[in-house]
Amino acid sequence: MYDQDDVLCFANLAFRQVFGLTGDELVSWTELVRIARSKGAGTHVQTENFEQWLMSTKSRRGKQPFRAFETNLNDGRWLWMTETFDAEGWSISMAPDISRLQANDHRLMRLDRDIAIRTSTTDELTGCMNRRGILVELGKLVASSQAEAGFALALLDIDYFKQVNDTYGHPAGDAVLCHFVEHLHSRIRSKDLLGRYGGEEFLVIFPGCSNLDAVTILETIRQTIAPISLEGGEVSYNFSAGITNFKINETVDQMLKQADRALYAAKQEGRGRSCITKQTPS
Ligand SMILES: Nc1nc2c(ncn2[C@@H]2O[C@H](COP(=O)(O)OP(=O)(O)OP(=O)(O)O)[C@@H](O)[C@H]2O)c(=O)[nH]1
(Lines give C-alpha, C1' and ligand atoms only; values in the text may rest on other atoms or scores of the structure.)
Protein backbone atom coordinates (compact mmCIF):
# COMPACT_ATOMS: atom_id res chain seq x y z
CA MET A 1 0.00 0.00 0.00
CA TYR A 2 1.23 3.48 -0.93
CA ASP A 3 0.04 6.76 0.59
CA GLN A 4 -1.01 9.89 -1.31
CA ASP A 5 2.65 10.89 -1.74
CA ASP A 6 3.33 7.48 -3.30
CA VAL A 7 5.38 6.36 -0.29
CA LEU A 8 5.15 2.69 0.63
CA CYS A 9 3.34 2.39 3.96
CA PHE A 10 2.81 -1.35 4.04
CA ALA A 11 4.30 -4.28 2.12
CA ASN A 12 4.42 -7.96 3.02
CA LEU A 13 7.65 -9.94 3.10
CA ALA A 14 7.16 -11.47 -0.37
CA PHE A 15 6.73 -8.02 -1.93
CA ARG A 16 9.78 -6.68 -0.09
CA GLN A 17 11.90 -9.57 -1.23
CA VAL A 18 10.86 -9.13 -4.87
CA PHE A 19 12.00 -5.50 -4.79
CA GLY A 20 15.17 -6.04 -2.76
CA LEU A 21 14.05 -4.30 0.45
CA THR A 22 15.82 -5.67 3.48
CA GLY A 23 14.11 -4.07 6.47
CA ASP A 24 11.00 -2.00 7.06
CA GLU A 25 12.10 0.87 4.84
CA LEU A 26 9.23 3.18 3.88
CA VAL A 27 10.47 4.38 0.54
CA SER A 28 8.72 6.21 -2.28
CA TRP A 29 7.71 4.23 -5.35
CA THR A 30 10.54 5.91 -7.31
CA GLU A 31 13.12 4.96 -4.65
CA LEU A 32 11.74 1.43 -4.56
CA VAL A 33 12.30 0.99 -8.29
CA ARG A 34 15.80 2.48 -7.99
CA ILE A 35 16.71 0.17 -5.09
CA ALA A 36 15.43 -2.87 -6.99
CA ARG A 37 17.40 -1.86 -10.08
CA SER A 38 20.62 -1.37 -8.08
CA LYS A 39 20.26 -4.90 -6.68
CA GLY A 40 19.28 -6.56 -9.96
CA ALA A 41 15.89 -7.32 -8.37
CA GLY A 42 12.33 -6.22 -9.15
CA THR A 43 10.71 -5.80 -12.53
CA HIS A 44 12.72 -6.41 -15.66
CA VAL A 45 13.20 -3.01 -17.32
CA GLN A 46 14.53 -2.87 -20.85
CA THR A 47 15.82 0.63 -21.46
CA GLU A 48 18.98 2.46 -22.40
CA ASN A 49 18.06 5.45 -20.27
CA PHE A 50 16.81 4.21 -16.91
CA GLU A 51 16.26 7.65 -15.32
CA GLN A 52 14.18 8.81 -18.28
CA TRP A 53 12.20 5.57 -18.24
CA LEU A 54 11.58 6.08 -14.52
CA MET A 55 10.40 9.67 -14.98
CA SER A 56 8.14 8.64 -17.83
CA THR A 57 6.66 5.70 -15.92
CA LYS A 58 6.17 7.80 -12.80
CA SER A 59 4.33 10.44 -14.82
CA ARG A 60 1.80 7.80 -15.94
CA ARG A 61 1.40 6.22 -12.54
CA GLY A 62 -1.94 6.69 -10.80
CA LYS A 63 -3.65 8.29 -13.78
CA GLN A 64 -6.16 5.41 -14.00
CA PRO A 65 -8.13 4.18 -10.98
CA PHE A 66 -7.35 0.56 -11.84
CA ARG A 67 -4.74 -1.20 -13.93
CA ALA A 68 -3.83 -4.87 -14.28
CA PHE A 69 -0.93 -6.27 -16.25
CA GLU A 70 1.53 -9.12 -16.42
CA THR A 71 5.10 -8.23 -15.64
CA ASN A 72 8.31 -10.21 -15.60
CA LEU A 73 10.94 -9.99 -12.89
CA ASN A 74 14.70 -9.98 -13.27
CA ASP A 75 14.80 -13.41 -11.63
CA GLY A 76 12.61 -14.85 -14.42
CA ARG A 77 9.33 -15.03 -12.50
CA TRP A 78 6.06 -13.51 -13.75
CA LEU A 79 3.61 -11.51 -11.66
CA TRP A 80 0.01 -10.51 -12.31
CA MET A 81 0.20 -6.95 -11.02
CA THR A 82 -2.86 -4.90 -10.13
CA GLU A 83 -2.80 -1.25 -9.08
CA THR A 84 -5.88 0.39 -7.55
CA PHE A 85 -5.82 4.12 -6.81
CA ASP A 86 -8.43 6.03 -4.83
CA ALA A 87 -9.41 9.66 -5.44
CA GLU A 88 -6.91 10.94 -2.84
CA GLY A 89 -4.02 9.09 -4.48
CA TRP A 90 -3.64 6.19 -2.01
CA SER A 91 -3.05 2.91 -3.79
CA ILE A 92 -2.86 -0.83 -3.33
CA SER A 93 -0.79 -3.18 -5.49
CA MET A 94 -1.31 -6.91 -5.50
CA ALA A 95 1.04 -9.16 -7.38
CA PRO A 96 0.44 -12.91 -7.28
CA ASP A 97 3.17 -15.07 -8.79
CA ILE A 98 1.79 -16.60 -12.02
CA SER A 99 5.05 -18.10 -13.31
CA ARG A 100 3.68 -21.61 -13.42
CA LEU A 101 0.30 -20.83 -14.95
CA GLN A 102 0.86 -20.32 -18.68
CA ALA A 103 3.36 -20.75 -21.46
CA ASN A 104 5.95 -18.01 -21.69
CA ASP A 105 5.40 -17.33 -25.42
CA HIS A 106 1.99 -15.82 -24.79
CA ARG A 107 3.33 -13.68 -22.02
CA LEU A 108 6.15 -12.36 -24.14
CA MET A 109 3.69 -11.53 -26.93
CA ARG A 110 1.52 -9.62 -24.50
CA LEU A 111 4.56 -7.87 -23.07
CA ASP A 112 5.59 -6.88 -26.62
CA ARG A 113 2.08 -5.54 -27.18
CA ASP A 114 2.21 -3.50 -23.94
CA ILE A 115 5.60 -2.11 -24.92
CA ALA A 116 4.28 -1.25 -28.41
CA ILE A 117 1.27 0.60 -26.94
CA ARG A 118 3.50 2.54 -24.60
CA THR A 119 5.97 3.36 -27.39
CA SER A 120 3.17 4.67 -29.63
CA THR A 121 2.20 7.26 -27.01
CA THR A 122 5.68 8.23 -25.79
CA ASP A 123 7.93 10.94 -27.17
CA GLU A 124 11.17 9.20 -28.04
CA LEU A 125 13.42 12.15 -27.23
CA THR A 126 12.06 13.39 -23.92
CA GLY A 127 10.18 10.37 -22.55
CA CYS A 128 6.98 12.32 -21.86
CA MET A 129 3.75 11.56 -23.70
CA ASN A 130 3.78 12.38 -27.38
CA ARG A 131 1.14 14.36 -29.28
CA ARG A 132 -1.02 11.29 -29.78
CA GLY A 133 -0.79 10.34 -26.09
CA ILE A 134 -1.65 13.74 -24.66
CA LEU A 135 -4.47 14.33 -27.15
CA VAL A 136 -6.01 10.97 -26.21
CA GLU A 137 -5.86 11.98 -22.54
CA LEU A 138 -7.34 15.40 -23.32
CA GLY A 139 -10.11 13.74 -25.33
CA LYS A 140 -10.90 11.38 -22.45
CA LEU A 141 -11.11 14.26 -20.02
CA VAL A 142 -13.32 16.35 -22.31
CA ALA A 143 -15.64 13.37 -22.82
CA SER A 144 -15.82 12.33 -19.19
CA SER A 145 -17.89 13.54 -16.31
CA GLN A 146 -14.61 14.50 -14.62
CA ALA A 147 -14.52 17.47 -16.96
CA GLU A 148 -17.42 18.92 -15.02
CA ALA A 149 -15.02 19.40 -12.11
CA GLY A 150 -13.06 21.64 -14.49
CA PHE A 151 -9.50 21.62 -15.68
CA ALA A 152 -7.03 24.02 -17.22
CA LEU A 153 -5.06 23.38 -20.37
CA ALA A 154 -1.74 25.13 -21.00
CA LEU A 155 0.19 25.25 -24.25
CA LEU A 156 3.87 25.96 -23.52
CA ASP A 157 6.44 27.05 -26.07
CA ILE A 158 10.15 27.55 -25.35
CA ASP A 159 11.17 31.08 -26.32
CA TYR A 160 13.80 31.73 -28.99
CA PHE A 161 14.50 28.02 -29.21
CA LYS A 162 15.79 28.32 -32.76
CA GLN A 163 18.68 30.43 -31.39
CA VAL A 164 19.75 27.54 -29.13
CA ASN A 165 19.92 25.24 -32.15
CA ASP A 166 21.67 27.86 -34.27
CA THR A 167 24.23 28.73 -31.59
CA TYR A 168 24.97 25.40 -29.93
CA GLY A 169 23.75 22.84 -32.45
CA HIS A 170 20.76 20.54 -32.76
CA PRO A 171 21.94 18.01 -30.09
CA ALA A 172 22.17 20.91 -27.62
CA GLY A 173 18.61 21.87 -28.56
CA ASP A 174 17.57 18.28 -27.86
CA ALA A 175 19.27 18.48 -24.45
CA VAL A 176 17.28 21.64 -23.63
CA LEU A 177 14.02 19.88 -24.55
CA CYS A 178 14.90 16.98 -22.22
CA HIS A 179 15.96 19.39 -19.47
CA PHE A 180 12.64 21.26 -19.78
CA VAL A 181 10.59 18.05 -19.57
CA GLU A 182 12.55 16.85 -16.53
CA HIS A 183 11.96 20.19 -14.85
CA LEU A 184 8.24 20.16 -15.68
CA HIS A 185 7.86 16.62 -14.33
CA SER A 186 9.59 17.63 -11.12
CA ARG A 187 7.21 20.55 -10.58
CA ILE A 188 3.77 19.51 -11.80
CA ARG A 189 1.46 17.54 -9.50
CA SER A 190 1.13 13.79 -9.94
CA LYS A 191 -2.40 14.20 -11.33
CA ASP A 192 -1.30 16.68 -14.01
CA LEU A 193 -0.59 15.41 -17.51
CA LEU A 194 2.29 16.47 -19.73
CA GLY A 195 2.89 15.76 -23.39
CA ARG A 196 4.99 17.07 -26.26
CA TYR A 197 2.63 18.68 -28.76
CA GLY A 198 5.33 19.12 -31.38
CA GLY A 199 8.82 20.68 -31.77
CA GLU A 200 9.35 22.87 -28.72
CA GLU A 201 5.66 23.00 -27.76
CA PHE A 202 4.18 21.11 -24.80
CA LEU A 203 0.68 20.64 -23.42
CA VAL A 204 0.00 20.44 -19.70
CA ILE A 205 -3.42 19.48 -18.34
CA PHE A 206 -4.17 20.65 -14.80
CA PRO A 207 -7.22 18.75 -13.47
CA GLY A 208 -9.33 20.72 -10.98
CA CYS A 209 -7.49 23.98 -11.71
CA SER A 210 -8.79 27.38 -12.72
CA ASN A 211 -6.85 29.50 -15.22
CA LEU A 212 -5.35 31.46 -12.34
CA ASP A 213 -4.25 28.28 -10.53
CA ALA A 214 -2.48 27.20 -13.71
CA VAL A 215 -0.77 30.60 -14.02
CA THR A 216 0.51 30.26 -10.44
CA ILE A 217 1.91 26.77 -11.04
CA LEU A 218 3.54 27.86 -14.30
CA GLU A 219 5.13 30.92 -12.67
CA THR A 220 6.74 28.68 -10.05
CA ILE A 221 7.99 26.44 -12.83
CA ARG A 222 9.35 29.45 -14.70
CA GLN A 223 11.17 30.87 -11.68
CA THR A 224 12.86 27.56 -10.90
CA ILE A 225 14.28 26.62 -14.31
CA ALA A 226 18.02 26.26 -13.72
CA PRO A 227 20.44 27.12 -16.52
CA ILE A 228 21.64 24.08 -18.44
CA SER A 229 25.34 23.41 -19.07
CA LEU A 230 26.02 22.75 -22.71
CA GLU A 231 29.24 22.29 -24.59
CA GLY A 232 30.04 25.92 -25.27
CA GLY A 233 28.49 27.42 -22.15
CA GLU A 234 25.61 27.70 -19.77
CA VAL A 235 22.26 28.44 -21.31
CA SER A 236 19.23 29.96 -19.64
CA TYR A 237 15.88 29.64 -21.33
CA ASN A 238 12.31 30.61 -20.71
CA PHE A 239 8.90 29.79 -22.12
CA SER A 240 5.58 31.39 -23.00
CA ALA A 241 2.25 29.80 -22.22
CA GLY A 242 -1.34 30.09 -23.38
CA ILE A 243 -3.94 28.91 -20.88
CA THR A 244 -7.57 28.04 -21.27
CA ASN A 245 -10.19 26.37 -19.10
CA PHE A 246 -12.67 23.69 -20.07
CA LYS A 247 -16.20 24.88 -20.67
CA ILE A 248 -19.11 22.44 -20.93
CA ASN A 249 -19.70 21.30 -24.53
CA GLU A 250 -16.31 22.55 -25.68
CA THR A 251 -14.39 20.22 -28.00
CA VAL A 252 -10.71 19.30 -27.93
CA ASP A 253 -10.10 21.35 -31.08
CA GLN A 254 -11.81 24.40 -29.63
CA MET A 255 -9.72 24.14 -26.47
CA LEU A 256 -6.51 23.83 -28.47
CA LYS A 257 -7.45 26.86 -30.55
CA GLN A 258 -8.13 28.90 -27.41
CA ALA A 259 -4.81 27.85 -25.86
CA ASP A 260 -3.01 28.66 -29.11
CA ARG A 261 -4.56 32.13 -29.25
CA ALA A 262 -3.50 32.81 -25.68
CA LEU A 263 0.03 31.55 -26.45
CA TYR A 264 0.18 33.89 -29.45
CA ALA A 265 -0.78 36.78 -27.15
CA ALA A 266 1.96 35.77 -24.68
CA LYS A 267 4.55 35.82 -27.49
CA GLN A 268 3.23 39.19 -28.76
CA GLU A 269 3.37 40.71 -25.30
CA GLY A 270 7.09 39.95 -25.01
CA ARG A 271 7.44 36.20 -24.21
CA GLY A 272 8.44 34.71 -20.85
CA ARG A 273 4.87 34.97 -19.57
CA SER A 274 1.51 33.22 -19.41
CA CYS A 275 -1.65 34.60 -21.00
CA ILE A 276 -5.18 33.44 -20.33
CA THR A 277 -7.55 32.98 -23.22
CA LYS A 278 -10.08 35.69 -23.91
CA GLN A 279 -13.56 34.41 -24.48
CA THR A 280 -13.60 34.84 -28.24
CA PRO A 281 -15.69 32.55 -30.43
CA SER A 282 -13.64 29.64 -31.83
N1 LIG B 1 16.96 20.43 -31.37
C2 LIG B 1 15.70 20.31 -31.78
N3 LIG B 1 15.10 21.34 -32.39
C4 LIG B 1 13.82 21.21 -32.77
C5 LIG B 1 13.10 20.01 -32.57
N6 LIG B 1 11.84 20.20 -33.05
C7 LIG B 1 11.79 21.46 -33.53
N8 LIG B 1 12.97 22.08 -33.37
C9 LIG B 1 13.38 23.45 -33.74
O10 LIG B 1 12.63 24.39 -32.98
C11 LIG B 1 12.79 25.66 -33.63
C12 LIG B 1 11.51 26.43 -33.46
O13 LIG B 1 11.77 27.69 -33.95
P14 LIG B 1 10.68 28.83 -34.05
O15 LIG B 1 9.33 28.24 -34.36
O16 LIG B 1 11.21 29.88 -34.95
O17 LIG B 1 10.53 29.34 -32.58
P18 LIG B 1 11.52 30.09 -31.58
O19 LIG B 1 12.91 30.27 -32.12
O20 LIG B 1 11.40 29.35 -30.29
O21 LIG B 1 10.86 31.50 -31.46
P22 LIG B 1 9.59 31.92 -30.61
O23 LIG B 1 8.73 30.71 -30.41
O24 LIG B 1 8.90 32.95 -31.46
O25 LIG B 1 10.07 32.48 -29.32
C26 LIG B 1 13.16 25.36 -35.08
O27 LIG B 1 14.49 25.79 -35.28
C28 LIG B 1 13.09 23.84 -35.18
O29 LIG B 1 14.07 23.31 -36.05
C30 LIG B 1 13.77 18.93 -31.95
O31 LIG B 1 13.24 17.83 -31.72
N32 LIG B 1 15.07 19.12 -31.57
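Small disclaimer: the values here were computed from a predicted structure and weren't measured.

Student: Looking at this model, I keep getting lost on the sheet that holds strand E2 (residues 78–85). Mind explaining?
Tutor: The strands making up a sheet are joined through hydrogen bonds of the backbone, oriented either antiparallel or parallel. With respect to topology, 3 strands assemble into an open sheet ordered E1-E2-E3, the strand pairing being antiparallel. Among the strands making up the open sheet, the edge pair consists of strand E1 (66–72) and strand E3 (91–94). On average, each strand axis in the sheet is tilted by 20° relative to the strand beside it, whichever way the strands run. Taken together, the 4 bridges between E2 and E3 define a ladder with antiparallel strand orientation. Bridge pairing in E3 places Phe85 opposite Ser91.

Student: Whenever I open this one, the sheet that holds strand E10 (residues 274–276) confuses me. Can you help?
Tutor: If you trace the 5 strands from one edge of the open sheet to the other, you get E5-E6-E4-E9-E10, paired in mixed fashion. A strand with exactly one partner marks an edge of an open sheet, and here the two such strands are strand E5 (193–198) and E10. Neighbour-to-neighbour, the strand axes of the sheet open up by a mean angle of 20°, direction not taken into account. Of the strand pairs in this sheet, strand E4 (residues 151–158) and strand E6 (residues 201–207) are connected by 7 bridges, and their pairing is antiparallel. Bridging across to E6, Phe151 finds its partner in Pro207. Strand contacts of helix H7 (residues 170–187): E4, E5, E6 and strand E9 (239–245), with the helix running at about 155° to E4, the strand carrying the most contacts. Running over the sheet, helix H8 (residues 211–223) touches E4, E6, E9 and E10 and is turned about 160° from E9.

Student: How do you make sense of unusual backbone geometry when you look at a structure like this?
Tutor: A negative phi angle is the norm for most residues apart from glycine, just as the trans form is the norm for most peptide bonds. Unlike most non-glycine residues, Asn249 shows phi in positive territory, near 80°. Take Asn249: it is sitting in the loop between E9 and helix H9 (252–268). Residue class for Asn249 comes out exposed when judged on its relative accessible area of 71%.

Student: Any chance you could explain the site of the ligand here in plain terms?
Tutor: Looking at the ligand, there are 16 residues lining it, with Phe161, Asp174, Arg196, Lys267 and Arg271 nearest. Between the ligand and the protein, one listed contact pairs an oxygen atom with a backbone N or O atom of Ile158 at 3.1 Å. In the model, a nitrogen atom of the ligand is placed 3.0 Å from a nitrogen or oxygen of the His170 main chain. Those elements that provide at least two residues to the shell around the ligand are E4, helix H6 (161–168) and H7. It is H7 that contributes the most residues to the shell around the ligand, 4 residues altogether. When its residues are assigned to classes, the shell around the ligand shows 4 nonpolar, 4 polar and 8 charged.

Student: Explanation requested: H9 in the structure shown.
Tutor: Within an α-helix, residues lying three or four positions from one another point in the same direction, as the helix has 3.6 residues per turn. Taking 1.5 Å per residue as the helical rise, H9 with its 17 residues ought to reach 24 Å, and the 24 Å between its terminal C-alpha atoms agrees with that figure. Taken as a whole, H9 has its buried residues at Met255, Leu256, Gln258, Ala259, Ala262, Leu263, Ala265, Ala266 and Lys267. Those residues of H9 that are buried lie in contact with helix H5 (131–143), E4, E5, E6, E9 and E10. Taken from the residues just after H9, Gly270 is the one with a positive phi, measuring 125°.

Student: Help me understand a nonpolar patch on the surface, please; the structure alone is not making it clear to me.
Tutor: Taken together, the side chains of Met1, Phe10, Trp90, Ile92 and Met94 present a nonpolar region at the surface, about 510 Å² in accessible area. Following the sequence through the fold, Ile92 ends up in strand E3.

Student: Just checking my understanding: could you explain the domain arrangement of the protein for this structure?
Tutor: One can read the domain layout of the protein as domain 1 (13–120) and domain 2 (131–276). Taken over C-alpha atoms, the centre of domain 1 sits 29 Å from the centre of domain 2. Regarding the contact of domain 1 and domain 2, the summed buried area is about 550 Å², with carbon and sulfur atoms giving 63% of it. Inspection of the domain 1/domain 2 interface yields 3 residue pairs in polar contact (both at pLDDT 80 or more). When residues of the side of domain 1 that touches domain 2 are assigned to their parent elements, the largest contribution, 3 residues, is made by helix H3 (residues 50–60).

Student: Would you mind showing me how to read the packing of aromatic side chains here?
Tutor: Each aromatic ring pair is specified by the distance between its two centres and by the angle formed by the two planes. Summed over all chains, the structure comprises 6 aromatic pairs. Seen in terms of ring centroids, Phe15 and Phe19 are 4.8 Å apart; in terms of plane orientation they differ by 40°. Their pairing is tilted. Take Phe15: its relative accessible area is 14%, and that puts it in the buried class. Exposure remark for Phe19: the relative accessible area of 7% places this residue in the buried category. The rings of Phe180, Phe202, Tyr237 and Phe239 are connected pair by pair, giving a single aromatic cluster. Directly above the ring of Tyr197 sits Arg131, whose terminal nitrogen or CZ lies 4.2 Å from the centroid. Lying over the aromatic face of Phe239, Arg222 brings its terminal NZ or CZ to 4.3 Å of the ring centre.

About the cut-offs
- Residues numbered from 1 in each chain as written.
- Predicted model: local features only at pLDDT ≥ 70, side-chain atom pairs only at ≥ 80, totals over all residues.
- Heavy atoms only, no water.
- Pairing = 2+ DSSP bridges.
- Helix = DSSP H or I, 4+ residues; strand = E, 2+ residues; numbered from the N terminus.
- Axes fitted to C-alpha atoms, helices over the stretch in contact; angles between N-to-C directions.
- Contact = heavy atoms within 4.5 Å.
- Buried < 20%, exposed > 50% of the residue type's maximum accessible area, 1.4 Å probe, protein only.
- Near = heavy atom within 4 Å.
- Polar contact = N/O pair within 3.5 Å; in protein donor to acceptor, adjacent residues only side chain to side chain.
- Nonpolar A, V, L, I, M, F, W, Y, C, P; charged D, E, K, R; others polar.
- Expected span 1.5 Å × (residues − 1).
- Patch = residues over 30% accessible without salt bridge, like charges linked within 9 Å, V, L, I, M, F, W, Y side chains within 5 Å.
- Areas by Shrake-Rupley, 256 points an atom, 1.4 Å probe, with all protein chains shown as cover.
- Salt bridge = Lys/Arg side-chain N within 4 Å of Asp/Glu carboxyl O.
- Domains from an automatic or database assignment.
- Buried area = accessible area lost by both parts, 1.4 Å probe.
- Phe/Tyr/Trp six-rings, centres within 6.5 Å; stacked < 30°, edge-to-face > 60°.
- Lys NZ or Arg CZ within 6 Å of the ring centre and 35° of its normal.

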